[in-house]
Structures are given as structure tokens and as C-alpha cells.
Protein chains: 2
Amino acid sequence: MNVSSVRVPGVNQPMCPSRLVLEHVTSRWGVLVLAALLERSYRFSELRRTVGGVSEKMLAQTLQTLERDGFVHRDAKPVIPPRVDYSLTPLGAEAAEQVWGLARWAERRLEAVESARETYDGARSQAAPGPVGQA
Amino acid sequence: MNVSSVRVPGVNQPMCPSRLVLEHVTSRWGVLVLAALLERSYRFSELRRTVGGVSEKMLAQTLQTLERDGFVHRDAKPVIPPRVDYSLTPLGAEAAEQVWGLARWAERRLEAVESARETYDGARSQAAPGPVGQA
DNA sequence: CAGGATCCGTAACGATACTG
DNA sequence: CAGTATCGTTACGGATCCTG
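In this text the structure is predicted, and so the values were computed from the model without any measurement.

Parameters and conventions
- Within every chain, residues take consecutive numbers counted from 1 along the sequence as written.
- The naming scheme follows written order: chains are lettered A onward, ligands numbered 1 onward.
- Two thresholds apply to this predicted model, a pLDDT of at least 70 for residue-level local features and 80 or more for giving and counting side-chain atom pairs, whereas whole-chain, interface and lining totals are computed over all residues.
- In computing side-chain properties, one takes all heavy atoms of the structure into account and sets aside hydrogens as well as water.
- Pairing between strands is defined by DSSP: at least two bridges between the two strands are required.
- Helix and strand labels come from DSSP, where a helix needs a run of H or I of at least four residues and a strand needs a run of E of at least two; each type is numbered from the N terminus.
- Any residue with a heavy atom positioned within 4 Å of a molecule or strand is treated as near that molecule or strand.
- Identification of polar contacts relies on pairs of N or O atoms within 3.5 Å, with a donor-acceptor requirement for protein atoms, meaning one able to donate a hydrogen and the other able to accept it, and with residues adjacent in sequence counted only if both atoms are side-chain atoms.
- Side-chain classes are defined by residue name, with Ala, Val, Leu, Ile, Met, Phe, Trp, Tyr, Cys and Pro counting as nonpolar, Asp, Glu, Lys and Arg as charged, and the others, Gly among them, as polar.
- Superposition of the copies used a least-squares fit over C-alpha atoms from residues whose pLDDT is at least 70 in both.
- Residues are treated as being in contact if the distance between any of their heavy atoms lies within 4.5 Å.
- Summed over both partners, the accessible area lost on bringing two parts together, with a 1.4 Å probe, is the buried area.
- When a carboxyl oxygen of Asp or Glu is within 4 Å of a side-chain nitrogen of Lys or Arg, the pair counts as a salt bridge.

Examining the sheet that holds strand β3 (residues 83-88) of chain A
All names here are of chain A. An order of β1-β3-β2 is seen for the three strands of this open sheet, with the pairing classed as antiparallel. The open sheet is flanked by β1 (42-43) and β2 (72-77), the only strands paired with a single partner. In terms of strand pairing, β2 meets β3 through six bridges, oriented antiparallel. Among the inter-strand pairings, Val72 is bridged to a residue of β3, identified as Leu88.

Here's the deal with the protein's contact with DNA strand C
Close contacts around DNA strand C come from 20 residues, with Lys57 of chain A together with Ser45, Gln64, Arg74 and Tyr86 of chain B the closest. The share of sugar and phosphate among atoms of DNA strand C within 4 Å of the protein is 62%. At 2.3 Å, a side-chain N or O of Gln64 of chain B approaches a phosphate oxygen of DNA strand C. In the environment of DNA strand C, a phosphate oxygen lies 2.3 Å from a nitrogen or oxygen atom belonging to the side chain of Arg74 of chain B. When contributions to the surface near DNA strand C are tallied by element, the ones reaching two or more residues are α2 (28-39) and α4 (56-68) of chain A together with α3 (44-51), α4 (56-68) and β3 (83-88) of chain B. A class-by-class count of the residues in the surface near DNA strand C yields nine nonpolar, four polar and seven charged.

Overview of the relation of the copies chain B and chain A
You can overlay chain B on chain A at an RMSD of 0.1 Å; the transform is a turn of 180 degrees with a shift of 0.0 Å along its axis. Put plainly, the chains are arranged around a two-fold axis. Among all residues of chain B, the one whose C-alpha sits closest to the rotation axis is Thr26 of chain B, at a distance of 3.5 Å. By residue overlap, the copies meet face to face through one surface: 100% of the interface positions of chain B are interface positions in chain A.

Topic: the interface of chain B and chain A
In this complex, chain B contributes 51 residues to the contact, which on the side of chain A involves 53 residues. Approximately 5,000 Å² of surface area, both sides summed, lies buried where chain B meets chain A, with 65% of it carried by carbon and sulfur atoms. The residue Arg117 of chain A makes a salt bridge to Asp69 of chain B at a minimum N-O spacing of 2.7 Å. Our count for the chain B to chain A interface comes out at 14 residue pairs in polar contact (both at pLDDT 80 or more). Contributing elements (two or more residues each) for the side of chain B that touches chain A: α1 (17-26), α2 (28-39), α3, α4, α5 (90-108) and α6 (110-127) of chain B. Here the side of chain B that touches chain A gets 11 residues from one element, more than from any other, and that element is α5 of chain B. Of the residues that constitute the side of chain B that touches chain A, the class distribution is 27 nonpolar, 12 polar and 12 charged.

In C-alpha cells form, the structure reads like this:
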């Protein structure tokens, strides 16, 4: 795969298919769901509480996407009240470890990034004096 | 960092800051820009052509975000017509290799994912008979 | 040529209500 | 409990115009 292999004339056209997989696992809730399931399996609303801040709709949608891609296994027990357990497949565990690795890298370099941001923002406020203006 | 460290009551609240870094580097154009710059430095519209399908606005925005995070170096030469070269900082090279690694993983597992999707889609069409209905 | 400002359509997202 | 359906909002992304 090389960078030029994209194909996006108008809007969200296909582009390279692996890009889609990447977007699924790095999606806002995808990362958190994978990370949570890396530890153990969860039920739906249990997962919802654990992740925190995710709507039912988005959680369901995220789980379906991840299930369709073969990353999570959905175990729906035919009981009343319903009980559904979600867990990682081997492929999903791989995915989870990948994104978790990336997340840990981001965390390790967070200080460097924040430092860079301060430098950047500082340099910009020189050009456009703010409350500290030395006019 | 653990999954519960998120904080998103209403909308796009802060959550864990490393999540932001992750979103920047895995963003739609962020990945492609980093990947492109991994090979060599580029000028603005050169990069625009290389990535393909990115609008001026989004490319500028992506580059600014990446520059602010300390991932890309912006070298604006004071000439007419303007010439601006973009390249990776050491930190940016690290980021690029990380996401590139993830992208390559996605590519390696693409077949497994697509196979999983077929299984998933196939199973669903059993429940809701389509054009192949065996009624 | 590099990019800022503006306008606008789309689609992602969140909240709520409802169903099995 | 585990979702689906609907609706309103928002912000993301693209096209265009314009300036240094």
C-alpha cells in the first residue's frame, strides 16, 4: 500500500479498503471498546458504563462494526431478561493490542506533544499580542 | 491510562488528552500525510497531489494540527512566489512509523476481515431472506 | 503558490422513546 | 436488559473566493 492508492473524488469514496479497517479500530469508541474487552468480556450496559459517555446507539453501532469485521464475538443468551456478552476474537485481540500500543505511545509522548503545543501557541501569540501585549 | 478515564458528558469534552493525539495522527488525512512525509519532504500542493482527494482546507488544517503537536516541521521560505516545505520532526517520524505499522497490520489482516464480513453478512441474510429467498 | 475566510451540504453523533 | 427507530443538532469536510 502506498499513499497514492487513495481514490476520493467527491466524498467518502472507497479508497484503500484497509483504511476502513483502520478507521473502525481507531474510531472514537472503537479504541475504548477494544481496550476494555482486552481485559475481560463485558455485557452491553456494563460495557456502556465502563467506557463512559457513549450513547446506546453508538455503542451498539460500534459493536456491530467490530463484530462484522471479526474483532468481537457476540454471545446472546436466549434468556429473559436478555443477556449478551461481548468478547474479543483472536483477531480482535490482535487489533486491540495494536491500537493499545498506539495509545500507549501517544501517552508516552504526550509531554513532548504538549510541550510542542506550548511552543507553537507561544510563537503565534507573539505575532498577535493578546492580554500580555507589550505594545 | 485506563478506559474509565474518559469524561464525555455532553459532547466533545476533554477526555484523556492522549486520545486527542491519537485522533490527530489517525485522522483521515493525518495518516496519509504522515505516511507521505515518511518518505521525503513535500511542498504544499505537491503534498496535495500526492495524497489525492484532499481539499486545500483540510490539508492546511491537518498540517497545522500536526505542526502544533510537533510532528511536522514547516519551513516557509520568504520568496515570491511563496514556497513552503513540510517534513517530519523526529517525534513525527515516530508517529508516522506507529500509524504506518498499524496500517500495515490492517493490510495484512484485510483478508481475514473481509472473510469475517462475508460470514457476518451471509448469516444476516438468512434471517431476512433477500433476492435469494428460499421460501 | 500558500493558505485564510466564508458558505453550505452531509453525515456523524447524542438524546429520547419505543420494542422484544 | 439489549437493543432499534426517530429526531434534532453539530461539526466535519468540500467548494469557492480572496489575499499576501
